[in-house]
Amino acid sequence: MTVNGVILLYLWLQADPQRQAGRALPALLVSLTLLLLTVWPRVTLHALHRVSVLILLAWFAANIHNLVLTARPVTSGLLIHLILIALFSFTWLTVRPAALLVAGAYALLIVATVASPAPDVPGVILTALTLPVIWYLTQHGLTVNRERIRNETLQTLATTDPLTGILNRRAGQTAIDTAVTVHAHHPDRLWAALIDIDHFKRVNDDLGHQTGDTVLIAVAGLLQADLPPGGAAIRWGGEEFLLLLPDQTGEQAHTRVQDMLGHVRDLRLPGVPPVTISAGLATLREAPSTLALIDLADRRLYEAKAAGRDRLSGPPIAGHTSDVAGAAGSPVATTRTDR
């Protein structure tokens, strides 16, 4: 659109501006039409593709008609125009309609060549040889693109929890193992928080599993939104989530998880009573392995549950008072029923 406007301005500045500019005006109108179709929400992308190819073909036919009437030679621009028609047709249309359109356009080129006083026979033959190459390259490219999309979809299905959209346990385990290896020399900078939705069984029993799914999705979204750069939210199982908090000081990790508790506490879902979560926080310095880190976070989570829920249990942090004194190895007097 901008290029056509510049060309129109240039031609307007030449001798006989109205006649010169009139030659560029159709192209400007075509670009404007395509622009309007693009922003029109009722026009699908597939329909826009077909309209674009048909406009290119109609424009090509008009140029052929003008060439035959004026007995001008076939120019390289006309050959390039046909190549563009083939490129867009084989990319945007199915093979059979695309082949028919390209064959029809090439037949028009043959007509123009026969009527031309100076036919470019080598150029026309070279164009004929180019068209099958365009077909092969576009089809190969489409196949490669479909395979790439398929692989990305399979990768997403393999690593993502289908309900909440966050990492599933298998992918989360890999992320945690990697983080533990990376932070082996700075264990105080890697934190993990195990989080559980309080009384979630009551939500499922009283309001139904569909409402329970709504709660899980909402809580997962809040946890994901509050992660630090490079962090990960993992659906660890049922209503449990494991958060990976890399490159955080103890104060930062503590504050971040406390903020998550507050955001969930403020969550309001239609027809659902207030939702709260409990959390257990641990650092790699206290538990220098993946298994030990998760186990310590799990024990502290149960301490938070035993202390009344809706709270965080973690190691003592300077400047912060934990909701629960979460010393490693402290006894936990609670069961796993109705967490």
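Note that the structure is predicted; figures quoted are calculated from it, not measured. (Residues numbered from 1 in each chain as written. Predicted model: local features only at pLDDT ≥ 70, side-chain atom pairs only at ≥ 80, totals over all residues. Heavy atoms only, no water.)

**So, the overall build of the protein**
A count of helices and strands for the protein gives 11 helices and 6 strands. Evaluated residue by residue, the protein yields a buried proportion of 41% over its 339 residues. Summarising the internal contacts of the protein: among those between residues at least 6 apart in sequence, 65% fall at separations of at least 24. (Helix = DSSP H or I, 4+ residues; strand = E, 2+ residues; numbered from the N terminus. Buried < 20%, exposed > 50% of the residue type's maximum accessible area, 1.4 Å probe, protein only. Contact = heavy atoms within 4.5 Å.)

**Details of the pairing of strand β2 (residues 232-237)**
Here is the key point about a regular strand: its side chains alternate between the two faces of the sheet. In terms of burial, β2 is a largely internal element, 5 of the 6 residues being buried. Summarising the sheet, β2 and strand β3 (residues 240-246) pair through 5 bridges and their orientation is antiparallel. When the sheet's bridge partners are listed, arginine 235 is paired in β3 with phenylalanine 241. Linking β2 back to β3 in an antiparallel pair, the connection comprises 2 residues, with glycine 238 at a positive phi of about 60 degrees. (Pairing = 2+ DSSP bridges.)

**Re the side chain of histidine 183**
Summarising the element assignment, histidine 183 is placed in the loop between α7 (169-182) and β1 (190-197). If we ignore the near neighbours within four places in the chain, the residues touching histidine 183 are Arg189, Leu190, Pro246, Asp247 and Leu284.

**Things to note about the pairing of strand β4 (residues 277-283)**
Taking burial as the measure, the 7 residues of β4 include 7 buried ones, the bulk of the element. Side-chain alternation along β4 places Ile277, Ala279, Leu281 and Thr283 on one buried face and Ser278, Gly280 and Ala282 on a second face that is also buried. Pairing of β1 with β4, which is carried by 7 bridges, proceeds in the antiparallel orientation. Along β4, the bridge assignment pairs isoleucine 195 with alanine 279. Direction of pairing for β4 relative to strand β5 (residues 312-314): parallel, over a ladder of 2 bridges. Within β5, the position partnered with glycine 280 by the bridge is serine 313. Once the chain exits β4 it traverses helix α11 (residues 290-306) before rejoining the sheet at β5, and the crossover so formed is left-handed. (Right-handed = clockwise from strand over helix to strand, strands pointing away.)

**Points about the environment of histidine 46**
Note that histidine 46 resides in helix α3 (residues 45-70). Of the residues examined, histidine 46 reaches a relative accessible area of 43% and is grouped as partly exposed. Along the primary structure histidine 46 and tryptophan 92 are separated by 46 residues, whereas in three dimensions their C-alpha atoms are 7.6 Å apart.

**Things to note about the packing of helix α4 (residues 76-92) against helix α6 (residues 121-159)**
Between α4 and α6, the least distance of the axes is 9 Å, while the angle of their chain directions is 25 degrees. With respect to α6, the element α4 is oriented roughly parallel. Two packed elements cross with a definite hand, and for α4 against α6 that hand is right-handed. Of α6, the residues touching α4 (which contributes Leu79, Leu82, Ile83, Ala86, Leu87, Phe90 and Thr91) are Gly123, Val124, Thr127, Thr130, Leu131, Ile134, Trp135, Thr138, Gln139 and Leu142. Within the contact of α4 with α6, the residues separate by chemical class into 11 nonpolar, 6 polar and no charged. (Axes fitted to C-alpha atoms, helices over the stretch in contact; angles between N-to-C directions. Parallel < 35°, antiparallel > 145°, perpendicular 65-115°, else oblique. Left-handed = near helix turned anticlockwise from the far one by under 90°. Nonpolar A, V, L, I, M, F, W, Y, C, P; charged D, E, K, R; others polar.)

The values are spatial; any link to function lies outside them.
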